[in-house]
Every structure is written in C-alpha cells, then in structure tokens.
Amino acid sequence: MYRKIDITKKAELFWQVFAKGLLSKHIDSIMQASDRLDIPMCFPVCFIPVLSTRYYWIYGDYNRVWERYITAATCFPFLKVFPSVMRGRFAIDGGAVDNIPIYPLLKGQEYTDKPLDLIFALHFDAQYEYRKIFRTDVPIIDVDLSICSDFEKEHFNYSSRIMDERIARAYEYGDRMAEMLFTGDVSREGLQRKADEIFMAEHSARQRNMSSDRLVSILNIIGRAFRSDTHCMKKLF
C-alpha cells in the first residue's frame, strides 16, 4: 500500500486521502468475501463526543460487518469530510483513545488460541513507555520505529524511493533484533531481560527526540479515563 502511494508533499497526500478516498480504496481492495483470517486481530474504535473506547476482535471466515468497523477504525479526524456513523454515534480512528493498543491483548486473551508469549509494540512515539501505564508478566518489545530512520522529520513523504529506503532499514533493524531475542535463552524471563536491554539501549536516543505520535499519546490519557473495562471488548466472529 505505502509503496504504491508515491506522494512527496503533505498537501498532495491530504488531497488524495481527503478528497479522493485513498484509504477507503485500499481498505475495499484488501478485504474479499472469500477471505479467512487465521490469526485473531483486534483494533480500537473511538466514539464521539464522549471518547468512549471499543476494541473489536475479528477472526475466522470473512464477515461482511467487518468492513464497517474497519472503515470506522481508519476514519482519521480531519482527513474525511464525515466520520463514520455506527449505532447512531460518530466513530473515528481508535488511536484518539488508544494509539498503542496493548491493553486488549492483555485483557482479551480469551479471544486468542494460546497464551501470549511475547508482544511487539511498534509505534512512532519516542517518549512512550508502557511501564508507566500498566504492569504485566508478558514480555513486551517496545519499539519506536522512528529510530530506524534516525528520527527523520519527513513523516508525510511517501515517495517510492523513500519508502523503499525505510523498509530496507526497518528490515535490517528487525533482523538484528530477532537475532538478539531468539538466540540463547528464550524463556519468558530471558525474553523479558532482552526486551529490557533493547529498551535501555535506545532509551537515551528516544528521550532526545519527539516523534510524530507524541501529541496523540498525551490525548490518550483522556481516553483511558473514559474507558469502561467491563464493556470495551466486542467480538465480531
């Protein structure tokens, strides 16, 4: 998807997303009635104006209602003329309330086939630290992907050349991380120790930089305050 966009200027990108329905076209093209989702997937949706949070789980054979919920989950504020409407309420991208949704993985394990061994939290917030929000015995690899491109500020440059370079650097970064993680001790304790080592090795560089999603993460504090733990998980399969 990102390789095909080939847009270098912010104004053009906003025009394609806002006026030409770029996101909607890609969503429509990746979902087919014959599809089967073999790995459970969860995504957040934010309902406004009260900023209530819902985490929707999908799994198994394609269900036509999925498209409505995924469309709402990718309805970025200010990038569409109108937000999605679900059950009489406006619905937008769930990143407004939980931009790094580790929470449903920890609280919704009944929707997965097996217990969690490891969580990869990939994001663009150099200041993020899950340890300040919750505690868990599941090892979490907390990675700000901005570090792969040395915290460059061209967040809206989607030229094919730039995207190829970013993907290549990310692949090299992931290859090094995988070798570190899965060589030697791979017990839960061993993975947690390595996760902590990775975080501390990058911590000083992350603290010196401000990534693109930091403002969104700050707003997530409000979203967590409005979250109802007993009603926020919904199954769509």
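In case you missed it, the structure is sitting above this.
Residues numbered from 1 in each chain as written. Predicted model: local features only at pLDDT ≥ 70, side-chain atom pairs only at ≥ 80, totals over all residues. Heavy atoms only, no water.

What exactly am I supposed to notice about the overall build of the protein chain here?
For the protein chain, the helix and strand inventory stands at 8 helices and 7 strands. Computed over C-alpha atoms, the radius of gyration of the protein chain comes to 19 Å, within 12% of the 18 Å expected from 2.2 N^0.38 for 237 residues, which places it in the range of a compact globule. Counting only C-alpha atoms, the protein chain reaches 50 × 45 × 40 Å along its principal axes. Put simply, of all contacts in the protein chain between residues at least 6 apart along the chain, 61% involve residues at least 24 apart. Carbon and sulfur atoms provide 58% of the accessible area of the protein chain, an area that totals close to 14000 Å². Placing the 33 positive and 32 negative side-chain charges of the protein chain at their respective mean positions leaves the two points 6 Å apart. (Helix = DSSP H or I, 4+ residues; strand = E, 2+ residues; numbered from the N terminus. Rg over C-alpha atoms; globule rule 2.2 N^0.38 Å. Contact = heavy atoms within 4.5 Å. Areas by Shrake-Rupley, 256 points an atom, 1.4 Å probe, with all protein chains shown as cover. Lys, Arg positive; Asp, Glu negative; His and termini not counted. Charge placed at Lys NZ, Arg CZ, Asp CG, Glu CD.)

Would you take a moment to explain the pattern of salt bridges for this structure?
Counted by the stated rule, this structure contains 7 salt bridges. Between arginine 36 and aspartate 38 there is a salt bridge; the shortest N-O distance is 2.9 Å. Aspartate 38 sits in the exposed class, given a relative accessible area of 53%. Glutamate 165 is the salt-bridge partner of arginine 161, the closest N and O atoms lying 2.9 Å from each other. With arginine 161 and glutamate 165 both in helix α6 (residues 160-182) and 4 residues apart, the pair spans about one turn of that helix. What makes arginine 161 exposed here is its relative accessible area of 53%. Three or more residues joined by partner-sharing salt bridges are found here, namely Arg36, Asp38 and Asp61. (Salt bridge = Lys/Arg side-chain N within 4 Å of Asp/Glu carboxyl O. Buried < 20%, exposed > 50% of the residue type's maximum accessible area, 1.4 Å probe, protein only.)

What is the right way to read the side chain of glutamate 129 from this model?
Tracing the chain through its elements places glutamate 129 in the loop between β5 (119-123) and β6 (140-144). Despite its burial, glutamate 129 pairs with no opposite charge, the nearest such side chain being lysine 132 at 4.0 Å. Leaving out residues up to four positions away in the same chain, glutamate 129 has contacts with Asp142, Phe199 and His203.

It is not clear to me how the nonpolar core should be interpreted in this structure. Could you clarify?
A general feature of soluble globular proteins is that nonpolar side chains tend to end up buried together. In terms of nonpolar packing, the biggest core is built from 15 residues, with Phe43, Val45, Tyr56 and Ile70 touching the most fellow members. With 5 residues, helix α4 (residues 66-73) is the largest single contributor of residues to this core. Contacts of tyrosine 56, omitting those with residues within four sequence positions, involve Met41, Cys42, Phe43, Val45, Phe47, Tyr69, Lys234 and Leu236. (Core = buried A, V, L, I, M, F, W, Y, C linked by side-chain atoms within 4.5 Å.)

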